[in-house]
Amino acid sequence: MSNGATSADRQRAPARGPAPPCTLVIFGATGDLTRRLLVPALYNLSRWGLLPDDFRILAIGRQDTSAARLRTEFETAFSKFVADKTGEFTAENIDKAAWERVVGRLVYKRGDATDASFLKSIGGELEGNALFYLAVAAKLFGPIVDVLGKCGLVDERGGRWRRVVIEKPFGNDLRSAKALNEEVLRVLREDQIFRIDHFLGKETVQNIMAFRFGNGFFEPMWNRDRIDHVQITVAETVGVGTRGSFYDGTGALRDMVPNHLFQLLTMIAMEPPTSFAPDAVRDRKQDVLNAVNSFDADIERCVVRAQYGAGIVNDKVVANYRDEPKVNPSSSTETYVAMRLEIDNWRWAGVPFYLRTGKSMSERDTEIAIRFKDPPLSLFRDTSARDAMIANWLILQIQPDEGISLQFGAKLPGPDVKVDCVTMGFLYSDYFATEPATGYETLIYDAMIGDLTLFQRADNIEEGWRVVEPLLEAFGANELPMATYPAGSRGPAEADELLERDGRSWRPLG
């Protein structure tokens, strides 16, 4: 039977065969994450021929619904994604055969995932391989894993495998992350735990390692001798929306820095691994986090936190953060954070890394910008170009338009020696048959085949929290001033001052 994959699908998909037979057990199957991201990702895997023939979904939730109604809800939501030309999915139509291979194999069970008697009742439906996906509130991660263990559902015998995917946030500080790791590791081995960060499913993030270690011309310059500083930006135009109650207890630091931004940081700063085996890569990432300073002193000079005020984003009026639904009117939760950190190792000693992330900003922009040092001597000092020192930047653009560009100086045509800035670059969409994806496709597939490379290990998680722990304490005690910035701006003036003290400036957003 044909798997229905087109030539574009085959170029877009990994060059690997279908995953082994398994049942995907989704706890929280009626939630937004499943509808918006997991089911569309499974649809793409189906189109690419990467789902096994013997594949089924056991959807578990607390709602009084049925498999038929759930399939209809999924299809209605997915049809809206396809029709929305500004959204993630822009295909002209749905591949009905690929869609049916996903939802046609869905069974729904209503029950409490922390109830041992309920989980025992579904045990008979899980004879072979099973991947348990915890698309639930973080407070349920530990209890569900504990009950899975007590019911024997994660025992591996007779050649079958059992794995658990745990969504973020994995803890909300160092103490809770350690406690959660201890809780799940009492039940599961480390190689059964897939701590997921959907950022690592994005093509450009994965291509960072291919770019660094698959090309010979940049690695000799990838060090303190040639690089002046690095900027990592994750800017969002969206505000808190309907997630006010969740976000107000979380904030930009917890939500973005120990996971998303530190993933980008470690991929840029890590040493070459001995191979692309999971632990070889994760060991090198851990080395980076171990070497990051921990902001124990002079936090105010190294970190800026801020809240957005009223403003306009994409021609829409945005309310002050404290006036958003379900947000405390006197909230001290940050919606923006910027920081300066250093990596105390041989390669990066003395090179500052500047990180920033925020909501309700002027542009949606995720990028890594590497600023190379100026030439040691200006050969144009006796010409009209003597003041035209051009900054050399390497830009890894992750969203919205995935690509890589290099900025350098070139002489303008004409008899005078005049140097101007030019850019050489490429977009993935110009070279490859890229298609809409959620970022979960690769991660779900890797969990099915047991590849842990793109998932975080227990020590990776804990070390990320270790780095930001002093900031969490300072924020919680309101020891750091709360700056403000208008919605639709590039952030607070205090973040500009953070770089200006070093004689540098942020790159423009977008």
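Every value quoted in this text rests on a predicted model; they were computed, and no experiment measured them.

1. Here's the deal with the pattern of salt bridges
A complete count under the given rule lists 31 salt bridges for this structure. For Arg110, the salt bridge identified is with Asp64, shortest N-O distance 3.9 Å. Of this pair, Arg110 sits in strand β3 (residues 106–110) while Asp64 sits in the loop between β2 (55–61) and α3 (67–83), and the two are 46 residues apart along the sequence. You can call Arg110 exposed: its relative accessible area is 52%. Residue class for Asp64 comes out exposed when judged on its relative accessible area of 59%.

2. What about the nonpolar core?
If you look at the biggest cluster of nonpolar residues, it comprises 155 residues, and the most contacted ones within it are Phe132 and Phe353. Those residues in contact with Phe353, other than ones at most four positions away along the chain, are Val230, Leu265, Ile268, Ala269, Met339, Arg340, Leu341, Ile343 and Trp348.

3. Quick look at the sheet that holds strand β8 (residues 303–309)
Taken in spatial order, the 9 strands make up an open sheet running β16-β15-β14-β13-β7-β12-β11-β8-β17, and their pairing is mixed. Lying at the two open borders of the sheet, with one neighbouring strand each, are β16 (419–427) and β17 (482–486). Across the sheet, the axes of successive neighbouring strands diverge by a mean angle of 20 degrees, strand direction being ignored. Pairing of strand β15 (residues 403–411) with β16, which is carried by 9 bridges, proceeds in the antiparallel orientation. Following the sheet pairing, Lys411 is matched in β16 by Val419. Sheet strands in contact with helix α16 (residues 493–500) are β7 (227–235), β8, β11 (336–342), β12 (352–358) and β17, and its direction is about 10 degrees off that of β11.

4. With respect to the packing of aromatic side chains
Under the defined criterion, the tally for this structure stands at 15 aromatic pairs. Note on Phe27 and Phe132: the rings are 6.2 Å apart at their centroids and 5 degrees apart in plane angle, and the pair reads as stacked. Placement of the pair is Phe27 in strand β1 (residues 22–27) and Phe132 in strand β4 (residues 130–134), with a sequence separation of 105 residues. Accessibility expressed as a relative area gives 1% for Phe27, which makes it buried. Judged by its relative accessible area of 0%, Phe132 falls in the buried class. Geometrically, the ring pair formed by Tyr308 and Tyr485 is edge-to-face, given 6.4 Å between the ring centres and 70 degrees between the ring planes. You can see Tyr308 sitting in strand β8 and its partner Tyr485 sitting in strand β17, a full 177 residues away along the chain. The two residues Tyr308 and Tyr485 agree in class, both being buried. Taken together through their ring pairs, the aromatic side chains of Tyr247, Tyr308, Tyr321, Tyr336 and Tyr485 make up a single cluster. Sitting over the ring of Trp393, Arg507 keeps its end group 5.2 Å from the ring centre.

Cut-off values and rules
- Residues numbered from 1 in each chain as written.
- Predicted model: local features only at pLDDT ≥ 70, side-chain atom pairs only at ≥ 80, totals over all residues.
- Heavy atoms only, no water.
- Salt bridge = Lys/Arg side-chain N within 4 Å of Asp/Glu carboxyl O.
- Helix = DSSP H or I, 4+ residues; strand = E, 2+ residues; numbered from the N terminus.
- Buried < 20%, exposed > 50% of the residue type's maximum accessible area, 1.4 Å probe, protein only.
- Core = buried A, V, L, I, M, F, W, Y, C linked by side-chain atoms within 4.5 Å.
- Contact = heavy atoms within 4.5 Å.
- Pairing = 2+ DSSP bridges.
- Axes fitted to C-alpha atoms, helices over the stretch in contact; angles between N-to-C directions.
- Phe/Tyr/Trp six-rings, centres within 6.5 Å; stacked < 30°, edge-to-face > 60°.
- Lys NZ or Arg CZ within 6 Å of the ring centre and 35° of its normal.

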